[in-house]
Amino acid sequence: MFIINIHKTILNFLFYDLSNASKIVPVWFLLFLLLGNEAALPIQSTQSIETETGWQYLLPGNDRAQNSITAIVEDLYGQLVLGSKNGLIIYNGYEIVYHLHDNAEHSLPSNFIRTLTVLPDGLILIGSDPGGISIYDPVTGIISRPLWLPEEYRSAGIWDSYLDSKNFLWIAGAEGVFKSSTVYSSVSVSFEKIRQKQSDGFTTIAISEFSNGQIWFGTLRNGLHYYDEPTNMLVKAVASSENGRILSDAWIWKIIETKDGILIGTQDHSLFLVPLSDSAERLLTSDIEHIRLSDYRVLELLEDSKGRIWAGTWLGLSVKQTDKELAKWVSFDRPQGMDNPEPVAVLSMYEDRAGNVWFGLEHKGLMMLPKTREPFSLPFYNDPQKEVSEIYETWDG
């Protein structure tokens, strides 16, 4: 572990291009952002670059892998905890702390982090691939391996983890789905493996809980499954419609419940909107809407406190706003303020307690939309004839 004061990394920002290759950010502007703008972040101060459209950017890592942000959470003390493809990053508004795998007793089991979960006692569960689970203590800054870790996940890859509304802990990956047999406790946790009703195994990569108590799972090429509590088994959702049959064999990256219904992000078929059903068995038998974004690979989904629904894809961002005139999906495939030769994948999303929305990018660090700003300064509309394939706003609006 080592600490880098971000003020010492100002040279990194001098060459971070906000508009085009011929426009370099003035040094005085960077000093203002780094030292003077105390209120921009939900934590102590901002160390980000802000564009004229209000988006802010932070490059927390030292290389492309560290700047590929795969998971974002906020700990109980207001620090951002970031999982990346090259270690764990802690950002408190002034300093960045890196935790890397180095074979020491208190190091990450591996540097590729897929999931972070804040536990009731303030500890943060880290899911690595490979490497299994480790625990980060924000108070001591120490990473440890829990004694209660299931044998199957002492080294195997973790794809997702989730603490449900009853404080039961779930973990999922190539070795199956495990659920704590008692509510979470940092002292002692025991796990049981949830059997699969299907005979063939599959990798579970997404866990989601709905308001009616149903817990659903997305898989690699094996569609949607739900937890059937009476039998203590995972059951595959039965589909009776055309779109339901597509979902039954899909690669499911993300599942969330929104005000519109259940949104499902897939690797090959973009988005699906499914009405919430009181019966898990009937979830895929009702009308299912297929939503086609500018990119069909939807990696991440988030509904923020303003009611905006965000979809992160391999090519950028899509958003459905709350304004009735703008309540349509709009895609902008080059995140605002970033002049990239290629679109940038959005790997993770998070809304902090202050209402700012964070986006973890592939190779490009963090992008943040402050609570007070809207994603677009001009109204955009989807063409009903699908003649417009891409819409995005440039850095200067």
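Residues numbered from 1 in each chain as written. Predicted model: local features only at pLDDT ≥ 70, side-chain atom pairs only at ≥ 80, totals over all residues. Heavy atoms only, no water.

Draft legend 1. Seen up close, the overall build of the chain. Along its length, the chain carries three helices and 30 strands. Looking at the chain residue by residue over its 397 residues, the buried ones come to 58%. Long-range pairs, those at least 24 residues apart, make up 51% of the contacts in the chain with a sequence separation of at least 6. Element-wise, carbon and sulfur atoms account for 51% of the exposed surface of the chain, whose accessible area totals about 16900 Å². (Helix = DSSP H or I, 4+ residues; strand = E, 2+ residues; numbered from the N terminus. Buried < 20%, exposed > 50% of the residue type's maximum accessible area, 1.4 Å probe, protein only. Contact = heavy atoms within 4.5 Å. Areas by Shrake-Rupley, 256 points an atom, 1.4 Å probe, with all protein chains shown as cover.)

Draft legend 2. Structural detail: the environment of Gln-66. When you line up the elements, Gln-66 lands in the loop between strand E3 (56-58) and strand E4 (69-74). As a C-alpha pair, Gln-66 and Tyr-98 span 32 residues in sequence and 9.4 Å in three-dimensional space. The contacts of Gln-66, once residues within four sequence positions are left out, are Gly-61, Ser-84, Asn-86, Ile-89, Tyr-98 and Leu-100.

Draft legend 3. Region of interest: the sheet that holds strand E13 (residues 169-173). Strand order in the open sheet made by the eight strands is E12-E13-E14-E15-E19-E18-E17-E16, with mixed pairing throughout. Edge strands, defined here as strands with exactly one partner in the open sheet, are strand E12 (158-163) and strand E16 (204-209). With direction set aside, neighbouring strand axes in the sheet form an average angle of 25°. Across two bridges, strand E15 (residues 191-196) lies against strand E19 (residues 233-236) in parallel orientation. Looking at the pairing, Arg-195 lines up with Met-233 of E19. (Pairing = 2+ DSSP bridges. Axes fitted to C-alpha atoms, helices over the stretch in contact; angles between N-to-C directions.)

Draft legend 4. Structural context of the sheet that holds strand E11 (residues 142-144). What the four strands build is an open sheet, ordered E8-E9-E10-E11; its pairing is antiparallel. For this open sheet the edge positions go to strand E8 (113-118) and E11, each flanked by a neighbour on one side alone. Within the sheet, the average angular offset between the axes of one strand and its neighbour, ignoring direction, is 25°. Direction of pairing for strand E9 (residues 124-128) relative to strand E10 (residues 132-137): antiparallel, over a ladder of five bridges. Looking at E10, one finds that Ile-126 is bridged to Ser-134.

Draft legend 5. Inspection of the layout of surface pockets at higher detail. In this structure, the largest pocket spans a volume of roughly 1200 Å³. Around the largest pocket sit 38 residues that line it, and Thr-115, Asp-160, Lys-254, Glu-300 and Met-349 are the ones nearest its centre. A per-element tally of the lining of the largest pocket places E8 first, with six residues. The class makeup of the residues in the lining of the largest pocket is 23 nonpolar, six polar and nine charged. (1 Å grid on protein atoms, 1.4 Å probe; cavity = no way out; pocket = protein on both sides within 12 Å on 5 of 7 lines; lining within 4 Å. Points joined across faces, edges and corners; volume = space filled by probe spheres on them. Nonpolar A, V, L, I, M, F, W, Y, C, P; charged D, E, K, R; others polar.)

So yeah, pure geometry; function would need other evidence.
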